[in-house]
Amino acid sequence: MNTDRLGRFELMMTWSKKLQELSKVGECTQQLERFLHMVEALPGDEVGEIGMEWRRRRREQRPCLALVYLSLAVLLVLVVGHFSGPVFCGLAATTLSLAGAAALHRHWRLEEDFDNELYLRAAYVVNTPTWAP
């Protein structure tokens, strides 16, 4: 079976059981709980559909972040540039540009991290026999 074709039910059931096992042992389960909550919030019957929906939602948010930082930089250059001088204005615009780039990088990293985790957990379910503990 391909990980893209793994059903939501099998994925959720396997990792819910693992969550219960880890809770009984006393292990930290925050990452797994967060993962299960995110999968529950996304539509789709198969892992491939869930992953595509996650990437689509995150892709829709990317331009908003870049536009916010760009508009702040333009506003800073236009308004503050007349009062504080070109050196401060340049430094502030550079700082905002770097903050925008860092926010987009963090956004892409979160997108990739969840996508990787989704497919790794799906591969675990596909490659682990049902009789294994």
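See the structure above.
The rules behind these values
Residues numbered from 1 in each chain as written. Predicted model: local features only at pLDDT ≥ 70, side-chain atom pairs only at ≥ 80, totals over all residues. Heavy atoms only, no water. Patch = residues over 30% accessible without salt bridge, like charges linked within 9 Å, V, L, I, M, F, W, Y side chains within 5 Å. Areas by Shrake-Rupley, 256 points an atom, 1.4 Å probe, with all protein chains shown as cover. Salt bridge = Lys/Arg side-chain N within 4 Å of Asp/Glu carboxyl O. Helix = DSSP H or I, 4+ residues; strand = E, 2+ residues; numbered from the N terminus. Buried < 20%, exposed > 50% of the residue type's maximum accessible area, 1.4 Å probe, protein only. Core = buried A, V, L, I, M, F, W, Y, C linked by side-chain atoms within 4.5 Å. Contact = heavy atoms within 4.5 Å. Phe/Tyr/Trp six-rings, centres within 6.5 Å; stacked < 30°, edge-to-face > 60°. Lys NZ or Arg CZ within 6 Å of the ring centre and 35° of its normal. Expected span 1.5 Å × (residues − 1). Arc of directions from axis to C-beta.

(A) Examining a nonpolar patch on the surface more closely. On the surface, Leu 67, Val 68, Leu 70, Leu 72, Val 74, Leu 75, Leu 78, Val 79 and Phe 83 cluster together into a nonpolar patch covering about 910 Å² of accessible area. Turning to its location among the elements, Val 68 is positioned in helix H3 (residues 47-84).

(B) Spatial organisation of the pattern of salt bridges. Taken as a whole and judged by the stated rule, the model has six salt bridges. Ionic pairing is found between Arg 56 and Glu 53, a salt bridge with its closest N-O pair at 2.4 Å. Placement of the pair is Arg 56 and Glu 53 together in helix H3, with a separation of three residues, close to one helical turn. With relative accessibility at 33%, the residue Arg 56 sits in the partly exposed group. Among the residues examined, Glu 53 registers a relative accessible area of 14% and is labelled buried.

(C) Region of interest: the side chain of Thr 29. Checked against the element boundaries, Thr 29 lands in the loop between helix H1 (8-25) and helix H2 (30-41). Take Thr 29: its relative accessible area is 10%, and that puts it in the buried class.

(D) Structural context of the nonpolar core. Within the largest apolar cluster, 17 residues are counted, with the highest numbers of intra-cluster contacts made by Leu 11, Phe 35, Leu 36, Val 39, Phe 114 and Leu 118. Of all the secondary-structure elements, those providing two or more residues to this core are H1, H2, H3 and helix H4 (86-127). With residues near it in sequence (within four places) discarded, Leu 11 still touches Leu 6, Phe 35, Val 39, Val 47, Leu 118, Arg 121, Ala 122 and Val 125.

(E) Representation of the packing of aromatic side chains within the structure. The final tally for this structure, using the stated rule, is three aromatic pairs. Between the aromatic rings of Trp 15 and Tyr 124, the centroid separation amounts to 5.0 Å while the plane-to-plane angle is 40°, which identifies the pairing as tilted. Taken together, the residues span a long stretch of sequence, with Trp 15 in helix H1 and Tyr 124 in helix H4 at a distance of 109 residues. Measuring from ring centre to ring centre gives 4.5 Å for Trp 54 and Phe 114, while their planes differ by 50°; the resulting arrangement is tilted. Note that Trp 54 is positioned in helix H3 and Phe 114 in helix H4, a separation of 60 residues in sequence. Look at Phe 114 and you get buried, because its relative accessible area is 3%. Grouped by ring-pair contacts, the aromatic residues Phe 35, Trp 54 and Phe 114 constitute a single cluster. Cation over ring: Arg 121 sits above Trp 15, and NZ or CZ is 4.5 Å from the ring centre. Of note, Arg 121 hangs over the ring of Phe 35, and the distance from its end group to the ring centre comes to 5.0 Å.

(F) Molecular detail of H2. Given a rise of 1.5 Å per residue, 12 residues ought to cover 16 Å, and the 17 Å separating the end C-alpha atoms of H2 matches this to within 8%. Within the span of H2, buried status applies to Leu 32, Phe 35, Leu 36 and Val 39. Considered in projection along H2, the buried side chains sweep an arc of 95° and stay on one side of the axis. Of the exposed residues in H2, those oriented more than 90 degrees away from the buried face are Gln 30 and His 37.

(G) Inspection of H1 at higher detail. Given a rise of 1.5 Å per residue, 18 residues ought to cover 26 Å, and the 26 Å separating the end C-alpha atoms of H1 matches this to within 8%. Among the residues making up H1, those that are buried are Arg 8, Leu 11, Met 12, Trp 15, Lys 18 and Leu 19. Seen from one end, H1 has its buried residues packed into an arc of 135°, which puts them on one side. In H1, those exposed residues whose orientation departs by more than 90 degrees from the buried face are Phe 9, Gln 20, Lys 24 and Val 25. Looking one or two residues past H1, Gly 26 carries a phi angle of roughly 95°, positive in sign.

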